[in-house]
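Working through the structure, step by step
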Amino acid sequence: MNELATKFAARAAASAMSTKRYRHIWTQEQGGVTYGDGVSTWPAVYELSTSATSTALTVKVLIGATDGGGGFTAEVATRWSMAIKRVWSDKAAVSINETTGGTLKTHTRRILFEISWNDANAEYSVQCRPTPGMVGLIASIDSGADNAARRLHVEALGVPSIKAADYDIAWPLWRKTALLRDVDRDAVFHGTPNMLEWGAHDSEAVPHEFGHTIGLPDEYLTTRYNGVAVDAAIYNQQPFGTKSIMNNTVSSRGSTLYPRHFSLIATDFRDLMSTLVKPGGTFGVPTISML
């Protein structure tokens, strides 16, 4: 092999992608109740891929999906994937220092997400539920026992009490819609009541629920994560009490990603680099920067 061929071979070897699957089991405690059995209920399963010369770390998240009345189709899968990547993909970078033979080198990768629906290795599974939309939300309000109950429902959605007090079941649809247009995400509206049931046409709450598929707990009313007490200033907050994506589920109204949301992936990135990509190196603690 001549010198040029040797260089090309070395370059090809350096650019060869390495992929490793990771599985994390987790629970969260809210109000004294532990959700998830820590074994099979909410396992986060994803594959990390990168090379020695790549500028990206691809996180392929494996999610199962079944029809829960909303009709899981390729169109739904695309809608959910686009909503997730809009919020999560290429929003943060992970960096880690490698020391080899006394030489220090920093490896930085932009974190990109892909979703593999109904992958054979997926363990976290969601049901595709119908999305009732505004008509469904209004119907749920109007089903209240009396005017007082209906107005309390409207106020609970975030409508100022002085406006909620005027709500009348006899109003035409356009007037009810105008009043409710800017309310916070409601499970009835989007059809996404929790992490295991996603609305077929929802693109607002799904990015929040996606956080659970990569091992993140809710940051509202949560007191323990995997049995360990959490920082109350971050996690034990009221719903919609902070801007964090894992508290404020309305992704189009200011919900925010923070470095902590990528910490588990960063830890796994270090393992990938030290075991498959550059097994001869010594790696430090990874850090996350927001893009």
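Definitions and cut-offs
Residues numbered from 1 in each chain as written. Predicted model: local features only at pLDDT ≥ 70, side-chain atom pairs only at ≥ 80, totals over all residues. Heavy atoms only, no water. Helix = DSSP H or I, 4+ residues; strand = E, 2+ residues; numbered from the N terminus. Buried < 20%, exposed > 50% of the residue type's maximum accessible area, 1.4 Å probe, protein only. Contact = heavy atoms within 4.5 Å. Lys, Arg positive; Asp, Glu negative; His and termini not counted. Charge placed at Lys NZ, Arg CZ, Asp CG, Glu CD. Core = buried A, V, L, I, M, F, W, Y, C linked by side-chain atoms within 4.5 Å. Pairing = 2+ DSSP bridges. Axes fitted to C-alpha atoms, helices over the stretch in contact; angles between N-to-C directions. Parallel < 35°, antiparallel > 145°, perpendicular 65-115°, else oblique. Nonpolar A, V, L, I, M, F, W, Y, C, P; charged D, E, K, R; others polar.

Some words on the overall build of the protein
The secondary structure content of the protein amounts to 9 helices and 13 strands. A principal-axis box enclosing the C-alpha atoms of the protein has dimensions of 85 × 40 × 35 Å. Residue burial in the protein is summarised as follows: out of 291 residues, 44% are buried. Within the protein, contacts between residues at least 6 apart in sequence are counted, and of these 67% link residues at least 24 apart. The positive charge centre, built from 27 side chains, and the negative charge centre, built from 28, are 7 Å apart in the protein.

Details of the nonpolar core
One recurring pattern in soluble globular proteins: nonpolar side chains tend to sit buried together. With 46 residues, the main nonpolar core has V61, W88, F113, F210 and I214 as its most contacted residues. Put simply, the parts of the chain that give this core at least two residues each are β4 (44–50), β5 (56–67), α2 (74–88), β6 (92–100), β7 (103–117), β8 (124–129), α8 (206–213) and α9 (263–277). Not counting the four nearest positions on each side in its chain, F113 is found in contact with V59, V61, K85, W88, S89, F210, I214, F262 and I265. I141, A164, W171 and L179 belong to the second-largest nonpolar core, a separate cluster that totals 13 residues.

A short note on the sheet that holds strand β10 (residues 222–225)
As a general point, the strands of a sheet are linked pairwise by backbone hydrogen bonds and lie either parallel or antiparallel. Strand order in the open sheet made by the 4 strands is β3-β2-β10-β11, with antiparallel pairing throughout. Looking at strand neighbours, the two that pair on one side only are β3 (33–35) and β11 (228–229), the edges of this open sheet. By the bridge criterion, 2 bridges tie β10 to β11 in an arrangement that is antiparallel. Across the sheet, residue R224 finds its bridge partner in β11, namely A229.

Quick word on the environment of N121
With respect to the secondary-structure elements, N121 resides in the loop between β7 and β8. Along the backbone, N121 and I84 are 37 residues apart, and their C-alpha atoms lie at a distance of 20 Å. When residues no more than four places from it in sequence are discounted, the contact partners of N121 are R21, V45 and L62.

Considering the packing of helix α3 (residues 133–142) against helix α6 (residues 173–180)
The contact between α3 and α6 brings their axes to 11 Å, and the two run at 95 degrees. If you check the angle between α3 and α6, you find them roughly perpendicular. In this structure, α3 uses M134, L137, I138, I141 and D142 to contact α6, whose residues at the interface are L173, K176, T177 and L180. Residues that form the contact of α3 with α6 fall into these classes: 6 nonpolar, 1 polar and 2 charged.

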